[in-house]
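# Fold and contact review
Chain by chain, the residues:
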Number of protein chains: 2
Amino acid sequence: MDPESDGPSAELLSIGSELLAGETIDTNAAFLGSALARLGIPLSGIRTLPDDGAVIASAFAEARGRVALVVATGGLGPTHDDVTREGLSGALGEELVADPALEAPLRERFAALGTMPESNLRQALRVPSAEALANPIGSAPGWWVDRDGSVVVLMPGVPSEMRRMWDEQVVPRLRARFALRPVHARTVKTFGVGESTLAEMVGDLLTAPGAGLEAGIYAHDDGVHLRFWTRGDSSALEAPVARAVARLGDHVYGTDEADLASQALAALGHAGATTVASWEADTRGTLLSILSSAEPAAGAARFIGGALDAGATAIPVADAVIQLSLLATDAHGRSRVRVSVAGAVSLPTVEVRVHGSGVQRARRAAFAALDQVRGAFFA
Amino acid sequence: MDPESDGPSAELLSIGSELLAGETIDTNAAFLGSALARLGIPLSGIRTLPDDGAVIASAFAEARGRVALVVATGGLGPTHDDVTREGLSGALGEELVADPALEAPLRERFAALGTMPESNLRQALRVPSAEALANPIGSAPGWWVDRDGSVVVLMPGVPSEMRRMWDEQVVPRLRARFALRPVHARTVKTFGVGESTLAEMVGDLLTAPGAGLEAGIYAHDDGVHLRFWTRGDSSALEAPVARAVARLGDHVYGTDEADLASQALAALGHAGATTVASWEADTRGTLLSILSSAEPAAGAARFIGGALDAGATAIPVADAVIQLSLLATDAHGRSRVRVSVAGAVSLPTVEVRVHGSGVQRARRAAFAALDQVRGAFFA
């Protein structure tokens, strides 16, 4: 969201040389960016840092001077290159001291797992001004430091540990510490129309969505999303959403949490299918992956599995089988996708065009197929 | 890799408010971090910036003062909030001018697609010192700016467009522009052992891998990876890799590009299976997704599809069916996973424990299952 909005803003430090070397994709940043935006403490910036105590120390010092909240993930492990604790203690000018209250749960945890490597004792260190944040599913405790009018939060880089610590311990403290004006947002999701064409179609809804409202366009593999948000009354979002849906017509496949897989399964359920399977060629299982991650919903058909580049015997028996083949690519990098549905619920073959290459092309082909299925059975 | 190494280093600017709002996961950063590390121009930092011309301008100015290469992705689209061009022109103190040579391909591209929104003409602007980088599969050209001893590269944020522009146009220019000492790296991949335990097992191989060598440990859902790299002779990596493999024994499932899905399919092929299917419960199709993304290999069994939480009729007919069920979670957030293989090639049920929650737990359960299959049939 807009870091210029009134209210506190935050900076994120993603710490770990493996992030800079591309060993790891920083999914924590997107999780925290989204969570902070909803809380009303939008991220104004993210810095990704190497495991270098001096670099980390100056990054903490600079960020504390700019924003009310600095969130850092990573570098809390037991190994010699985990130096986030040292970096922050340097920035704060506080000594690291062993905390017996942190050592106990560490030893208990490892008692259950076997012997504890001595290096893990580094995870029982904290600076005096840090309040420890328990990590019930990992060995690295987090820190909450509220000093000189700014808050610093340290969390482990392991996504599952970070997310649980965030939900259970950080969010409640943030609500208590800051006077938050949460951001309310609505999203209109489209498929089959480009970013700039969509911008022209919605026109003033994007450039002037209304008093106290902001709008943005985001291109994803599952289509272009039009987003409206406000720090005011959420009911103010209804009108622009309704107008956008009206202007964009059939391009719209849903709003907010709606996704193409769930919409396609709902459409097939609406058409009378109880079970759905998939068959795909040259898309490396992306249709399988996307369909299998869809949330089950009342009235929707249930995805039971699928087959890859395989003979008919490999296709699970279902009321409807979504069939997808990726065809050749032209000079502009556009590929054609052949889509049909076979079974008790069926749809004649249609062909659509997709852009991109590699995994992205395969994902877009799968989403294009799901959009065809959705459109055919809701039409 | 180590940004302190001799040779040029780079900074990445990932531009787009959608990244700060968590609308998009920045996969470009990992791709570029890895590619730059291999080229021998390691990333010393990444900054993620909002669509704010002034913020972008100062970030470019600061980065140009620090490193020999600044790479930026995103903000080259046609919409009003795409201001990366304006930001860099501000940092360089150069005017944006329309380039007829850029306008022509834009109009040609849209002639094939329909009418061109006038806003797309912004994509034909450049500063005089910028050399345009053609984008054969998208509307946003990139920029190559070599001025005052530092190079700035602008690329689109769309991953497929960025990757093709990077491979075809940026890498050759980097090789010609910089005297590069590429980094050679080897990775030893393990499963079923924790980061700190593995660090103790390899001991001095991690802390003192040898003259001119560096080492690091990286924890992933598919296990803990031990990485060695050097800017010198790649043959120097053989000895530490061999010693690590010997010390870690059965925990090692492969090196470098080896992945658990391919290893499991190879093991099943070795055991006599030609086709493999999967059946999984409560893992949201992660086993399907991981198996379907495995590269086909000679002698390996071929994954033909799978079923989710479904009856036997939904399971594709195959020589071997990998069966996975995720069991209950304990107080420490550990879950048990039940794994077996049924069919002409079979494996009695075993149970293993996994950590984490949500999608990560499901992924770890799938990798744990594949590691059991690999181990059983190579043993």
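Each chain carries its own residue numbering, running from 1 in the written order of its sequence. Whichever chain is written first becomes A and whichever ligand is written first becomes 1, with later ones labelled in order. Thresholds applied to this predicted model are a pLDDT of at least 70 for local features of residues and 80 or more for the giving and counting of side-chain atom pairs; totals over whole chains, interfaces and linings are not thresholded and use all residues. As a rule here, side-chain values come from all non-hydrogen atoms in the structure, and water together with hydrogens is ignored.

## Brief notes about the overall build of chain A
Numbering goes from the N terminus for both helices and strands, where a helix is a DSSP run of H or I of at least four residues and a strand is a run of E of at least two. Of regular secondary structure, chain A possesses 12 helices and 17 strands. In terms of overall dimensions, chain A has C-alpha extents of about 70 × 55 × 45 Å along its principal axes. When each of the 379 residues of chain A is scored for burial, the buried share is 58%. Here, residues are in contact when the closest pair of their heavy atoms is within 4.5 Å. For chain A, restricting intrachain contacts to residue pairs at least 6 apart in sequence, the fraction spanning at least 24 positions comes to 67%. Just so you have it, chain A exposes about 14,100 Å², and 53% of that area is on carbon and sulfur atoms. Of the charged side chains in chain A, 32 are positive and 45 negative; the average position of the first set lies 3 Å away from that of the second. To sort residues, take the accessible area from a 1.4 Å probe on protein chains only and compare it with the maximum for the residue type: under 20% means buried, over 50% means exposed, and anything in between is partly exposed. Every accessible area reported is derived by Shrake-Rupley at a probe size of 1.4 Å, with residue values counting cover from the shown protein chains alone. Under the counting rule used here, the positive set is Lys and Arg, the negative set is Asp and Glu, and His together with the chain ends is not counted. For this purpose, a charge sits on NZ of Lys, CZ of Arg, CG of Asp or CD of Glu.

## Observations regarding the interface of chain B and chain A
A common way to report how large an interface is uses the accessible area buried once the components associate. Contacts between the two partners involve 79 residues from chain B and, on the opposite side, 79 residues from chain A. In short, buried area is how much 1.4 Å probe accessible area vanishes from two parts on joining, totalled over both. Taken as a group, Leu20, Glu23 and Arg284 of chain B account for 10% of the area that chain B buries against chain A, more than any other trio of residues on that side. Should a side-chain nitrogen of Lys or Arg be within 4 Å of a carboxyl oxygen of Asp or Glu, the pair is scored as a salt bridge. Where chain B meets chain A, there are 4 salt bridges. A salt bridge links arginine 227 of chain B to glutamate 23 of chain A; its shortest N-O distance comes to 3.1 Å. Two N or O atoms form a polar contact when they lie within 3.5 Å of each other; inside protein one atom must be a possible hydrogen donor and the other a possible acceptor, and for residues adjacent in sequence the pair counts only when both atoms belong to side chains. Taken together, the connections running from chain B to chain A amount to 16 residue pairs in polar contact (both at pLDDT 80 or more). The biggest single contributor to the side of chain B that touches chain A is strand 14 (residues 302-308) of chain B, with 7 residues. In terms of strand pairing, strand 2 (residues 43-49) of chain A meets strand 2 (residues 43-49) of chain B through 3 bridges, oriented antiparallel. By the bridge assignment, threonine 48 of chain A is partnered in strand 2 of chain B with isoleucine 46 of chain B. By this definition, two strands are paired if DSSP reports at least two bridges between them.

## Considerations on the nonpolar core
Throughout, nonpolar core names a set of buried Ala, Val, Leu, Ile, Met, Phe, Trp, Tyr and Cys residues whose side chains join them through atoms within 4.5 Å. Ranked by size, the top nonpolar core spans 75 residues in total, and within it Leu268, Ile322 and Leu370 of chain A together with Leu268, Ile322 and Leu370 of chain B carry the most contacts. Contact partners of leucine 268 of chain B, with chain neighbours within four places excluded, come to Ala273, Val276, Ala301, Ala320, Ile322, Val341, Val345, Val373 and Phe377 of chain B.

## Quick word on the sheet that holds strand 9 (residues 184-190) of chain A
Residues and elements named next belong to chain A. The strand order across the open sheet formed by 4 strands is 10-11-9-12, and the pairing between neighbours is antiparallel. Two strands in the sheet have a free side with no partner beyond their single neighbour: strand 10 (213-220) and strand 12 (252-255). Averaged over all neighbouring strand pairs, the angle between strand axes comes to 20°, with direction disregarded. All axes are obtained by fitting lines to C-alpha atoms, using only the stretch in contact for helices, and the reported angles, taken between N-to-C directions, cover 0 to 180 degrees. Relative to the sheet, helix 9 (residues 238-248) contacts strand 9, strand 10, strand 11 (223-230) and strand 12, its axis offset from that of strand 9 by approximately 5°.

## Brief notes about the pairing of strand 13 (residues 275-281) of chain B
All names here are of chain B. Counting buried residues in strand 13 gives 7 out of 7 residues, a clear majority hidden from the surface. Burial of the side chains of strand 13 extends over both faces: Thr275, Ala277, Trp279 and Ala281 are buried on one face and Val276, Ser278 and Glu280 on the other. Bridge count between strand 13 and strand 14: 6 bridges; the pairing is parallel. Looking at strand 14, one finds that serine 278 is bridged to glycine 306.

## Examining the environment of asparagine 120 of chain B
Inspection of the secondary structure puts asparagine 120 of chain B in the loop between helix 5 (100-113) and strand 5 (125-126). Given the relative accessible area of 0%, asparagine 120 of chain B is considered buried. Residues asparagine 120 of chain B and leucine 36 of chain B, 84 residues apart in the sequence, show an inter-C-alpha distance of 31 Å. Beyond its immediate stretch of four places on either side in the chain, asparagine 120 of chain B contacts Ser196 of chain A together with Pro78, Leu106, Phe110 and Ser139 of chain B. Here serine 196 of chain A takes part through its side chain, which lies 3.2 Å from a polar atom of the side chain of asparagine 120 of chain B.

## Topic: the domain arrangement of chain A
Residue and element names in this part refer to chain A. Residue ranges labeled as domains rest on an automatic or database domain assignment. The domains assigned to chain A are domain 1 (10-178), domain 2 (184-255) and domain 3 (260-378). Just the C-alpha atoms count here: the centres of domain 2 and domain 3 sit 26 Å apart. The interface is formed by 7 residues belonging to domain 2 together with 9 residues belonging to domain 3. Of all residues in domain 2, the largest losses of buried area upon contact with domain 3 belong to Phe191, Asp221 and Tyr253, amounting jointly to 81% of the total for that side. Taken together, the connections running from domain 2 to domain 3 amount to 2 salt bridges. In this structure, arginine 363 engages aspartate 221 in a salt bridge whose closest nitrogen and oxygen atoms are separated by 3.0 Å. Where domain 2 packs against domain 3, one counts 6 residue pairs in polar contact (both at pLDDT 80 or more).

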